[in-house]
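Descriptive structure summary
Each chain, letter by letter, is given below.
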Amino acid sequence: MLSQDARRSVEDTIKKYSQKRAAILSTLHIAQKEIGWISKDTIEEIAGILDITPIEVKEVVSFYTMFNLRDVGKYHIQVCTNLSCSLLGSRHIVNYLEKRLGLGVGKTTEDKKFTLSEVECLGSCGTAPMMQINEDYYENLTEEEIDKILMSLA
Ligand code: FES
């Protein structure tokens, strides 16, 4: 359930549009920022706020990989495995992260610190291989870079 602050933020956002439903992406961002992921209950709450059906909200949530349909760890590591990143070693990056974190793709560490995911192109093909952790991009990845990044998140 969204907090009062988040609700106010959503109401302010809705005022910027001529139709409530146009605020769906902004509303989902507000919800994910607060809760960390988009649950079935959140989908229903947002549908109620925007006067649309839950399935309309679910369609948007499931289309964009930036929205989490499951609870994720404090650090959500999303490795791009699309063409450019794949050609420049994203499979090796994923394997290295799996080894370092001791978990497979789609899994979260027991301490809920890290979740590892593979995603489609994040629009940073010129700096492949790359990954996103929460809101930040990490590019031109190597094993050494990954070690440094994980140390900085300790
Ligand atoms: S292919 Fe990886 S960012 Fe585009």
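Scroll up to find the structure.
Quick caveat: nothing in here was measured; it's all calculated off a predicted structure.

The pairing of strand 1 (residues 75–80) with strand 2 (residues 114–119) spans 6 bridges and is classified as parallel. Residue pairing in the sheet places Ile-77 in a bridge with Leu-116 of strand 2.

Turning to the sheet that holds strand 1, a few remarks are in order. Ordered by their spatial adjacency, 4 strands build an open sheet running 2-1-3-4, and the pairing between neighbours is mixed. Of all strands in the sheet, those with a lone pairing partner are strand 2 and strand 4 (136–138), marking the two edges. The sheet shows a mean angle of 25° between the axes of neighbouring strands, direction not considered. One ladder, built from 3 bridges, connects strand 3 (residues 131–133) with strand 4; its direction is antiparallel. Considered in strand 4, the bridge of Met-131 is made with Tyr-138. Running at roughly 155° to strand 1, helix 6 (residues 90–101) makes contact with strand 1, strand 2 and strand 3 of the sheet.

Rules used in this analysis
Residues numbered from 1 in each chain as written. Predicted model: local features only at pLDDT ≥ 70, side-chain atom pairs only at ≥ 80, totals over all residues. Pairing = 2+ DSSP bridges. Helix = DSSP H or I, 4+ residues; strand = E, 2+ residues; numbered from the N terminus. Axes fitted to C-alpha atoms, helices over the stretch in contact; angles between N-to-C directions. Contact = placed C-beta atoms within 7 Å.

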